[in-house]
Amino acid sequence: MSKHDEHDDAALGVDADDQRRAARRAQRPENDQARDFAVAAARLAISLHCEDLVIFDVRGLSDMTDFVVIGSGTSDRQIKAVGSEISALAREHGMERFGTDRDEASTWVVLDFIDVIVHLFEPTTRAHYDLEMMWDDAPRVSLRTA
């Protein structure tokens, strides 16, 4: 990409991360890998004592991802540890981590695997941001039947 192209993209509000994400999503195979990983990540979080796990199927509703996993942890240490374990699980499932972010107090960790985004919250922070309301029109993936 030339400097001129980068300048044009910047003027249009397109950044390199968005371009990389779009390229990755265009190349992804149409299979159940993302769904299987989302369910496995939620089950792992439950096994590590996280609570209130939900998985939203946002295919067709989001250009950024296919599945959103949301769960609550009880402490900053637990939230960090579960995030690390989910990252290790992603490698086993062939899922590449695009990025990770967390607030300074570690009351919210976000793990971005392109097709699956995992949010781990401290319960008060989760209630404040209320992501479930944002994805309320998305179907939920059942952990029991998955």
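Model, not experiment: these values are computed from the prediction.

What counts as what
- Residues numbered from 1 in each chain as written.
- Predicted model: local features only at pLDDT ≥ 70, side-chain atom pairs only at ≥ 80, totals over all residues.
- Heavy atoms only, no water.
- Helix = DSSP H or I, 4+ residues; strand = E, 2+ residues; numbered from the N terminus.
- Buried < 20%, exposed > 50% of the residue type's maximum accessible area, 1.4 Å probe, protein only.
- Contact = heavy atoms within 4.5 Å.
- Phe/Tyr/Trp six-rings, centres within 6.5 Å; stacked < 30°, edge-to-face > 60°.
- Pairing = 2+ DSSP bridges.
- Core = buried A, V, L, I, M, F, W, Y, C linked by side-chain atoms within 4.5 Å.
- pLDDT = per-residue confidence, 0-100.
- Salt bridge = Lys/Arg side-chain N within 4 Å of Asp/Glu carboxyl O.

Our focus in this paragraph is the overall build of the protein. Each helix and strand counted, the protein has 6 helices and 5 strands in total. When the elements of the protein are put in sequence order from the N terminus, they spell out α-α-α-β-β-α-β-β-β-α-α. When burial is assessed residue by residue, the protein has 40% of its 146 residues classed as buried. Excluding contacts between residues fewer than 6 apart, the proportion of contacts in the protein whose partners are at least 24 apart in sequence is 61%.

This paragraph deals with the packing of aromatic side chains. This structure, assessed with the given rule, holds 3 aromatic pairs. Here Phe 37 and Phe 113 contribute two aromatic rings whose centre-to-centre distance is 5.1 Å and whose plane-to-plane angle is 75 degrees, an arrangement assigned as edge-to-face. Of this pair, Phe 37 sits in helix H3 (residues 33–47) while Phe 113 sits in the loop between strand E4 (108–112) and strand E5 (116–121), and the two are 76 residues apart along the sequence. Exposure remark for Phe 37: the relative accessible area of 0% places this residue in the buried category. Aromatic ring contacts, followed pair by pair, group Trp 108, Phe 121 and Tyr 129 into a single cluster.

Burial analysis of strand E1 (residues 51–57) places 5 of its 7 residues in the buried class, which makes it a mostly covered element. Bridge count for E1 against strand E2 (residues 67–72) is 5 bridges, and the pairing is antiparallel. Each bridged residue has a counterpart across the sheet, and for Phe 56 the counterpart in E2 is Val 68.

Here we take up the nonpolar core. Membership of the largest hydrophobic core comes to 25 residues, with the highest contact counts inside it found for Phe 37, Ile 55, Val 69, Ile 86, Phe 113, Val 116 and Val 118. Looking at this core, the elements with two or more residues in it are H3, E1, E2, helix H4 (76–92), E4 and E5. With 7 residues, the single largest contributor to this core is H3. Aside from chain neighbours lying at most four places away, what touches Phe 37 is Ile 86, Leu 89, Ala 90, His 93, Met 95, Phe 113 and Val 116. Residues Val 54, Val 68, Phe 121 and Ala 138 belong to the second largest nonpolar core, which totals 12 residues.

Looking now at the confidence of the model for the protein. For the protein, the mean per-residue pLDDT works out to 83, and 74% of the residues sit at or above 70. In the model of the protein, helix H1 (residues 3–11) stands out as the element of lowest mean pLDDT, 45, in contrast to E2, which has the highest, 97. The model gives residues 1–12 a pLDDT under 50, and that stretch makes 5 contacts with residues more than four places away or in other chains.

Of note, the phi angle at Asp 52 is positive, near 55 degrees, even though the residue is not glycine. Checked against the element boundaries, Asp 52 lands in strand E1. With a relative accessible area of 56%, Asp 52 lands in the exposed category. Here Asp 130, not a glycine, exhibits a phi torsion of approximately 45 degrees, which is positive. With respect to the element layout, Asp 130 can be found in the loop between helix H5 (123–129) and helix H6 (131–134). Note on Asp 130: relative accessible area 30%, which makes it partly exposed.

Take the pattern of salt bridges next. Evaluated as defined, the whole model comprises 2 salt bridges. With a shortest N-O distance of 2.3 Å, Arg 126 and Glu 132 are connected by a salt bridge. Classification of Arg 126 by relative accessible area gives buried; the value is 8%. Given the relative accessible area of 15%, Glu 132 is considered buried.

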